[in-house]
Amino acid sequence: MSEARKPWHGVLVATALPFTDDLSVDYDAFAEHVRFLADNGCDGVAVNGSLGEYQTLGEAERAKVVETAVQAAPEGFTVMAGVGAYGGLQVAHWAEQAAEAGAKALMLLPPNAYRANTDEVVDHFRHANKVGLPVVGYNNPIDTKVDLTPALIARLGEEGLLVGVKEFTGDVRRCYEIRELAPEVDILIGTDDTLLETAMAGAVGWVAGYPNAIPRSTVELYRLATSGDVADLPKAMELYRDLHSLLRWDSKTEFVQCIKLSMDVAGLRGGACRPPRGPLAPEIHERVVRDTEAALAKGYR
């Protein structure tokens, strides 16, 4: 993989999951969405993450989501499967299922059933690594209450238990510390509204939310921000400023509903969420619609 793009690099869209009117998974619509993202310049999809509402899926549904994405993906398009679970045995199960389905990488949260200690976090990642696929850590201490600190990431990297980390804290200063302590671990942008800052800190991937709704423009933003060419920076800054009010919704508690609503406004298939996620409050709904329409009116797609 020295010359080819590594499967965890580039724009990997954390895919929203479409449901039918009775809240069954619409696998045909999901496959169409995967193909749509590939056709519009994305490098892959990260399925069964928080945006894909994996916590609300049954075992058969969760397995079929990975299988559907792999079957829909064109050649060279990454499917990175989320294998997060409360227990290490479940993590191992989902890692095996993803490997058998043809996923090219795994994404793993630390244990989030309780506040695990450092040794328990390391053991959790060992379970994911049993199948031999590259593992990207997902650091979201806001929700999981377990922080993949730069020192812990360095330990995981030294043991070969992760190849990269999706950094969701929003604190870009941590990226520089990770690069100092764990130069072998790649940084992936984890929050849409810190894209430019994290790209400047050396990110080589983006586990992305808003490409679900406007893939071409957000992919362009990522390419400009990570090109390494200072001549691209003014255009990147212009795009970032124009889109930031929209990208900001990716970091809100209601991010799944917000991104699905933006997809609906953009003429795509967003739709409802499964409980416990309910409808957006009217004032938030109005603001998301306004921000999405503003982006579309400027030609962002």
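These numbers were taken from a predicted model, which means no experiment stands behind them.

What counts, and where the lines are drawn
- Residues numbered from 1 in each chain as written.
- Predicted model: local features only at pLDDT ≥ 70, side-chain atom pairs only at ≥ 80, totals over all residues.
- Heavy atoms only, no water.
- Buried < 20%, exposed > 50% of the residue type's maximum accessible area, 1.4 Å probe, protein only.
- Helix = DSSP H or I, 4+ residues; strand = E, 2+ residues; numbered from the N terminus.
- Arc of directions from axis to C-beta.
- Contact = heavy atoms within 4.5 Å.
- Salt bridge = Lys/Arg side-chain N within 4 Å of Asp/Glu carboxyl O.
- Expected span 1.5 Å × (residues − 1).
- Axes fitted to C-alpha atoms, helices over the stretch in contact; angles between N-to-C directions.
- Parallel < 35°, antiparallel > 145°, perpendicular 65-115°, else oblique.
- Left-handed = near helix turned anticlockwise from the far one by under 90°.
- Nonpolar A, V, L, I, M, F, W, Y, C, P; charged D, E, K, R; others polar.
- Phe/Tyr/Trp six-rings, centres within 6.5 Å; stacked < 30°, edge-to-face > 60°.
- Core = buried A, V, L, I, M, F, W, Y, C linked by side-chain atoms within 4.5 Å.
- UniProt positions renumbered as here; feature names shortened; annotations may be inferred.

Turning to helix α7 (residues 173-181), its buried residues are R174, C175 and I178. Taken around the axis of α7, the buried residues stretch over an arc of 105 degrees, which confines them to a single face. Exposed and oriented more than 90 degrees from the buried face of α7 are R173 and E180. Packed against the buried residues of α7 are β5 (135-139), α6 (150-158), β6 (164-167), β7 (186-189) and α8 (195-200).

A few words on the pattern of salt bridges. The full count for this structure, using the stated rule, is 12 salt bridges. A salt bridge links R290 to D291, with the nearest nitrogen and oxygen atoms 3.7 Å apart. One salt-bridge network, held together by shared partners, links D119, R126, R155 and E159.

Glancing now at the environment of Q97. Take Q97: it is sitting in helix α3 (residues 88-101). On the basis of relative accessibility, which here comes to 11%, the residue Q97 falls in the buried class. Considering only alpha carbons, one finds Q97 and V131, 34 residues apart in sequence, at a separation of 9.5 Å. Contacts of Q97, omitting those with residues within four sequence positions, involve A63, V66 and E67.

Another aspect to go through is helix α1 (residues 27-39). Between its first and last C-alpha, α1 extends 18 Å over 13 residues, near the 18 Å set by a 1.5 Å rise per residue. Residues of α1 that are buried sit in contact with β1 (10-14), β2 (44-47), α2 (59-72), α9 (215-226) and α11 (255-265). Count one or two residues on from α1 and you reach G41, which has phi positive near 95 degrees.

What follows covers the packing of α3 against helix α4 (residues 118-128). Axis separation between α3 and α4 bottoms out at 7 Å; the angle between their running directions is 25 degrees. For the element pair α3 / α4, the angle class is roughly parallel. Considering the relative orientation of α3 and α4, their crossing is right-handed. On α4, the residues touching G88, L89, V91, A92 and A95 of α3 are H124, H127 and A128. Of the residues contributing to the contact of α3 with α4, the split by class is five nonpolar, three polar and no charged.

Moving on, we get to the packing of aromatic side chains. To describe a pair of aromatic rings, one takes the distance between the centres and the angle between the planes. Under the criterion given, the structure shown has two aromatic pairs. Plain terms: the ring middles of Y138 and F168 are 6.1 Å apart, the flat faces sit at 75 degrees to each other, and that makes the pair edge-to-face. Of this pair, Y138 sits in strand β5 while F168 is found in the loop between β6 and α7, placing the two residues 30 residues apart along the sequence. In this structure Y138 comes out as buried when scored by relative accessible area, which is 5%.

As a further point, take the nonpolar core. Formed by 109 residues in total, the largest nonpolar core has its most connected members in V47, F125 and Y210. Discounting residues that sit within four places of it in the chain, Y210 has contacts with D192, T218, L246, L247, W249, D250, C258, I259, S262 and V288.

Take unusual backbone geometry next. Cis rather than trans, the peptide bond between P275 and P276 has omega equal to 15 degrees. With respect to the helices and strands, P276 occurs in the loop between α11 and α12 (282-297). One non-glycine residue, N48, lies in the positive phi region at around 60 degrees. Topologically, N48 is positioned in the loop between β2 and α2. Phi at E53 is positive, roughly 55 degrees, even though this residue is not glycine. Mapped onto the secondary structure, E53 falls in the loop between β2 and α2. You can call E53 buried: its relative accessible area is 0%.

Attention now moves to the UniProt feature "binding site: pyruvate" (unreviewed entry) in the protein. Residues annotated by UniProt as "binding site: pyruvate" (unreviewed entry) correspond here to V207. As for its placement among the helices and strands, V207 is situated in strand β8 (residues 205-208). By relative accessible area, V207 is classed as buried at 2%. When neighbours within four sequence positions are excluded, V207 is seen to be in contact with L12, A14, A46, M80, M107, K166, L188, I189 and G190.

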